[in-house]
Amino acid sequence: MAVNCTDYDFSIIEPYWQKKWLESKTFQTLHDTSIPKYYILDMFPYPSGAGLHIGHPEGYTATDILARFKKANGFNVLHPMGWDAFGLPAEQYAIKTGTHPAETTSKNVENFRRQIQRIGFAIDWDREINTTDPNYFKWTQFIFLELFKKGLAYVDEKPVWWCQNLKAVLANEEIVNGLSEVGKHPVERKNLRQVVLKITKYADRLLDGLKDVDWPDSTKRMQKAWIGKSTGAEVCFQLDGFNDNLTVFTTRPDTLYGATYMVVAPEHPILDKIVTSENKETVAAYQELSKTKSDLDRTELAKEKTGVFSGSFCINPINGAKIPVWIADYVLVTYGTGAIMSVPAHDERDFEFAKEFNLPIIQVIEKNNASHNGDGKTKLPFCSEGRMIHSGDYTGLSTKDCKSKIIAHLERKRIGKATVNFKLRDWIFSRQRYWGEPIPLVWVSKEDYHETAAANSDVAKALPLEPIKSKEGSETLYALPILPKFLPLKLPVTDSYQPSGTGESPLVNQSDWLNIWFHKITGETLPRSIEKPNSEWIEGVRESNTMPQWAGSCWYYLRYMDPHNDQEIVSKEAEKYWQNPDLYIGGAEHAVLHLLYARFWHQVLFDCGLVSTKEPFTKLFHQGIILGEDGSKMSKSVGNVVSPDDIIDESGADALRLYEMFLGPLEAMKPWNTSGIEGISRFLKRIWREFIGEDGKINSKIVPERELEENIKILHTTIQKVTEDIEGIRLNTAISQMMIFMNHIQKSRSISTETAKVFLQLLAPFAPHIAEEIWSRFGEKQSITLKAWPKFDPKILLSKEMKIMFQVNGKLRGEANVSIHISKEEVIELAKSNIGVLKFIEDKRIVKEIYVPGKIVNIVAK
RNA sequence: GCCCGGGUGGCGGAAUGGUAGACGCUGUGGACUUAAAAUCCAUUGUCCUUAGGACGUGAGGGUUCGAGUCCCUCCCCGGGCACCA
């Protein structure tokens, strides 16, 4: 049944069909695994209080078009939606107003769902997920326990942003221009206790896996750079007068003869030992200085090299040279060994430093084609490949050969070895926040831990090989897991979300929740406020940190496959059938973190046997940002934000969908233009008028007769173009083609019912409401989305004639319609007799005649 | 600084090395109307007075019968990285 308006009244048509689809579960994903599957996923949104932004429906519309298209092509489509709902804003709002974040979150989710449903997406809402739902985060916690068991979690002091005035740890986004966003207070890097995940253990696999995924090159490159693998060697330098070595990492062991001094990071532990007494003061002052340097200082003042001398020396293992050990903050303690051998002749930074402090520079490489006649001198620093000089036995070798020979030599002498280093750091997984998944760990004493671990129990089986320890003041505590069967571990209900003031989570103040009795065999827990039942219960303190927002989004694509399963994260059957998303669309801003973390978890889950695929996202596409009408980024403060609700009120959801796709290529960054939507509205109204008469019934122009030949041809061209453009995600040009079709059909005196209905099918993924409405007025009882996608007939697309352009010297001078069977000689003769062409070849000698079949004739004349 | 992506009418954009500017917006003229809206028709890169022609895809070179498209140099815009040895 259709609605009964005679005009194109989207305000009646659209809600009607949205309700109908929802009620008849039109877009319910089937459980039939005999049908080929298509899983298409959007990066799920954070349901902010501001509501949907015009950028959200861009990606969602694109996936919706693909989803509807695939459904029409016989696939069992999974196109879900959910909420990444833990996170800072709800917590900040709670601190200000006392409203529980869960309340804020559910209100925002309601609003987001309402707004998304107004756009008419083909989403199976029975599969909606929410990361803050205990039935969801139970499994987030479960996965954490798998990481724990595999020894991939540990506790360590890690630098985080700390604000002394707010007495709180801040996230990057809470810091604006080096000051806290709230109150504009100074912030500093401070080492605080953190739960960390060993993503670095997967560095090589995360790198290798990129070979197998169909992702934008730029994103692969970014991940590659982030992982930052570099191969080189570790070399031991004997410290002169000490029994210790200073080990450095270098990618250029070939330049060993050119090492003229050493540099260690200010935080390097060896300094306590090797700084000579007369240098102690200066070194200490320098260490203090670099501590207070924020990242901002480090980058902005970057090029100015600073450093101090330690007073000690190293022996270069290759030539016995005695070289000084310096301290400088251009060497990072977190990378490699925190120390380098400095080769100023062949490294830009070392060169600058050597210039600054007048240290010797020894050239050991020259350009391959360097002339020995004086003027072909190699300009220093010279950082590329070449031929070795001043390098003892290695002189004359290529840098490449020299590299492997020196490494072999060092390995033989046991003073060095080939190694690999990564830029990737372990992942700080804890947040000192309330509104996140509690980390399901309990901290107990060493004695209790060992007793627990020694038993033959479920708890003991869930432990890692090496205990996870945490230093708490003078005491070292050991981590026990909350067993999966006791999950979810929910947040305690409270009305205080204020930071603890100590840099710990607000949860440290929830003593009832925090302090527990832990049963060392069964893993059960009881609040410590009750009396200890018996000796099998041990004293425990819950981990008070919560998980970062990334946690919930690391595996949500798996949950959609089987969202109500309370036994497993996803059933084996569902996982085997759905595998992973066939297409994943989301912003390029997640190119590194989300996509890297999710890949890491997926690889761990693969190792656990919980998923069968090696990579979570085989095909990835980034939609571009939609800018404000002024060409700048949409923001509240600029006041150029466009709300989808307003557009739908004025022009309808179909117009919004079409216009967002018509704006330009999906991947491009493009400005919004409110007047541009007029063209789309006209297009929709024109469709309505062509298809629906003034009485609201199918237009009398549409007749159940054989189609006119010229209409058949444009129809098949359109089927082909739209089909291929959807497959290639070129949705803007697909819409152009549909407009061309309508412009043509409008001039035709009649249209066959068949043509009209096929066009509606092509339109349906883009503008589903109007298509469904007109479809039903044709008397169709079933949804248009259930109708098989039309096929084009290549035979119809073949013409008897073709248009050939005539050029003289590459310039267009004429054209002609010719038979497709015309010979080269005939067409060239035709060209030469063309009036336009004739004028330009008359007094000239023809040098060359080119015919590109079906396209062009070019006469070259002098 | 390094690594990417991009630069086409007044605007958004379209063009497997072969008709540059599809499609849409805007503007202009016209039809319908008492009038307006809506709709429809024509026109809309620049220059030359027109027929017709010249020029034209950030700038300059090059390859080619032919370049928006390929190569080199440079300029501008956007994104990423930021002393990673």
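Residues numbered from 1 in each chain as written. Chains lettered and ligands numbered in written order. Predicted model: local features only at pLDDT ≥ 70, side-chain atom pairs only at ≥ 80, totals over all residues. Heavy atoms only, no water.

Q: Help me understand the overall build of chain A, please; the structure alone is not making it clear to me.
A: Counting its regular elements, chain A contains 29 helices and 35 strands. Residues counted as buried form 53% of the 862 residues belonging to chain A. Across chain A, every contact between residues at least 6 apart in sequence was considered, and the portion connecting residues at least 24 apart equals 71%. When the accessible surface of chain A is split by element, carbon and sulfur atoms take 51% of a total near 39800 Å². Positive and negative charge centroids in chain A, built from 106 and 112 side chains respectively, lie 5 Å apart. (Helix = DSSP H or I, 4+ residues; strand = E, 2+ residues; numbered from the N terminus. Buried < 20%, exposed > 50% of the residue type's maximum accessible area, 1.4 Å probe, protein only. Contact = heavy atoms within 4.5 Å. Areas by Shrake-Rupley, 256 points an atom, 1.4 Å probe, with all protein chains shown as cover. Lys, Arg positive; Asp, Glu negative; His and termini not counted. Charge placed at Lys NZ, Arg CZ, Asp CG, Glu CD.)

Q: Where do I start with the nonpolar core in this structure?
A: Across soluble globular proteins, you tend to see nonpolar side chains buried next to one another. Phe144, Phe600 and Trp601 are the most contacted members of the largest nonpolar core, which has 91 residues in total. Ranked by residue count, the leading element in this core is helix α5 (residues 134-149), at 9 residues. Lining this core are residues from two domains, each supplying at least three of them: domain 1 (31-131 + 551-623) and domain 2 (145-163 + 191-198 + 432-538). Discounting chain neighbours no more than four positions away, the residues touching Phe144 are Ala153, Val195, Leu197, Phe429, Ile439, Pro440, Leu441 and Met547. By size, the runner-up hydrophobic cluster in this structure holds 88 residues, among which are Trp125, Leu656, Val722 and Ile770. (Core = buried A, V, L, I, M, F, W, Y, C linked by side-chain atoms within 4.5 Å. Domains from an automatic or database assignment.)

Q: Please explain the pattern of salt bridges as it appears in this structure.
A: If charged atoms from side chains of opposite charge come close, those side chains can pair. Taken as a whole and assessed by the stated rule, the structure comprises 37 salt bridges. Lys37 is the salt-bridge partner of Asp582, the closest N and O atoms lying 2.9 Å from each other. Here Lys37 lies in strand β1 (residues 37-42) and Asp582 lies in the loop between α18 (572-578) and β26 (583-587), a separation of 545 residues in the sequence. Asp582 sits in the partly exposed class, given a relative accessible area of 25%. Taking relative accessible area as the criterion, Lys37 reaches 16% and is therefore assigned buried. Salt-bridge contacts for Asp645 lead to Arg118; the nearest nitrogen and oxygen are separated by 2.9 Å. Of the two residues, Asp645 sits in helix α20 (residues 644-651) while Arg118 sits in the loop between α4 (101-117) and β4 (129-130), which places them 527 residues apart along the sequence. Salt bridges linked by common partners bring Arg114, Arg118, Asp645 and Asp649 together as one network. (Salt bridge = Lys/Arg side-chain N within 4 Å of Asp/Glu carboxyl O.)

Q: Mind showing me how you'd approach the domain arrangement of chain A here?
A: Along its sequence, chain A is carved into domain 1 (31-131 + 551-623), domain 2 (145-163 + 191-198 + 432-538), domain 3 (230-421), domain 4 (674-796) and domain 5 (799-861). For domain 1 versus domain 5, the distance between C-alpha centres works out to 57 Å.

Q: Quick question: what am I supposed to make of the environment of Asp217 here?
A: Mapped onto the elements, Asp217 comes out in helix α7 (residues 217-227). In this structure Asp217 comes out as exposed when scored by relative accessible area, which is 53%. In the structure, Asp217 is positioned 483 residues away from Ser700 in sequence and 52 Å away in space, judged by C-alpha atoms.

Q: Looking at this structure, I do not really get α4. What am I missing?
A: An α-helix turns once per 3.6 residues; consequently, residues spaced three or four apart project the same way. Helix length check: α4 (17 residues) gives 24 Å between terminal C-alpha atoms against 24 Å at 1.5 Å per residue, within 8%. By the burial criterion, the buried members of α4 are Pro101, Thr104, Thr105, Asn108, Val109, Phe112, Arg113, Gln115 and Ile116. One face of α4 carries all of its buried residues, which in axial projection span an arc of 160 degrees. In α4, the exposed positions angled more than 90 degrees off the buried face are occupied by Glu103 and Lys107. Structurally, α4 contributes buried residues whose contacts are with α2 (56-72), β3 (82-83), α3 (88-97), β4 and α20. (Expected span 1.5 Å × (residues − 1). Arc of directions from axis to C-beta.)

Q: So what exactly am I meant to see when it comes to the sheet that holds strand β6 (residues 168-170) here?
A: The strands that make up a sheet are held in pairs by hydrogen bonds between backbone atoms, and each pair lies either parallel or antiparallel. Pairing is antiparallel across the open sheet formed by 4 strands, whose spatial order is β6-β5-β9-β19. Every interior strand has two partners, whereas the edge strands, β6 and β19 (427-428), have only one. Taken together, the 3 bridges between strand β5 (residues 153-163) and β6 define a ladder with antiparallel strand orientation. Following the sheet pairing, Cys163 is matched in β6 by Ala168. (Pairing = 2+ DSSP bridges.)

Q: Would you mind going over the pairing of strand β33 (residues 811-819) with me for this structure?
A: Note on strand geometry: in a regular strand, side chains alternate between the two faces of the sheet. Judged from the 8 bridges that link them, strand β32 (residues 801-808) and β33 form a sheet pairing that is antiparallel. Pairing of Val808 across the sheet is with Lys811, part of β33. Adjacent in sequence and paired antiparallel, β32 and β33 are bridged by 2 residues, among which Asn809 carries a positive phi angle near 50 degrees.

Q: Please explain the packing of helix α24 (residues 731-747) against helix α25 (residues 753-763) as it appears in this structure.
A: Their axes nearest at 11 Å, the elements α24 and α25 cross at an angle of 155 degrees. In terms of axis orientation, α24 runs roughly antiparallel to α25. Along this stretch, α24 crosses α25, giving a crossing that reads as left-handed. Each of Met738, Phe741 and Met742 in α24 lies in contact with α25, whose residues at this interface are Thr755, Phe759, Leu762 and Leu763. Partitioning the contact of α24 with α25 into residue classes produces 6 nonpolar, 1 polar and no charged. (Axes fitted to C-alpha atoms, helices over the stretch in contact; angles between N-to-C directions. Parallel < 35°, antiparallel > 145°, perpendicular 65-115°, else oblique. Left-handed = near helix turned anticlockwise from the far one by under 90°. Nonpolar A, V, L, I, M, F, W, Y, C, P; charged D, E, K, R; others polar.)

Q: Honestly, the packing of aromatic side chains in this entry has me stumped. Any pointers?
A: Aromatic ring pairs: the centre-centre distance and the angle between the two ring planes describe each pair. Throughout the structure, instances matching the rule amount to 42 aromatic pairs. Summarising the aromatic geometry, the rings of Trp21 and Phe27 are spaced 5.6 Å apart at their centres and angled 65 degrees between planes, so their arrangement reads as edge-to-face. In this pair, the class of Trp21 matches that of Phe27, namely buried. Consider the rings of Tyr434 and Tyr497, whose centres lie 5.1 Å apart with planes at 70 degrees: the pair is edge-to-face. Of this pair, Tyr434 sits in the loop between β19 and β20 (441-444) while Tyr497 is found in the loop between β22 (475-481) and α15 (511-514), placing the two residues 63 residues apart along the sequence. Through a chain of ring-to-ring contacts, the aromatic side chains of Phe144, Tyr202, Trp427, Phe429, Trp550, Tyr597, Phe600 and Trp601 assemble into a single cluster. Lying over the aromatic face of Trp21, Arg68 brings its terminal NZ or CZ to 4.8 Å of the ring centre. Sitting over the ring of Trp162, Lys190 keeps its end group 4.4 Å from the ring centre. (Phe/Tyr/Trp six-rings, centres within 6.5 Å; stacked < 30°, edge-to-face > 60°. Lys NZ or Arg CZ within 6 Å of the ring centre and 35° of its normal.)

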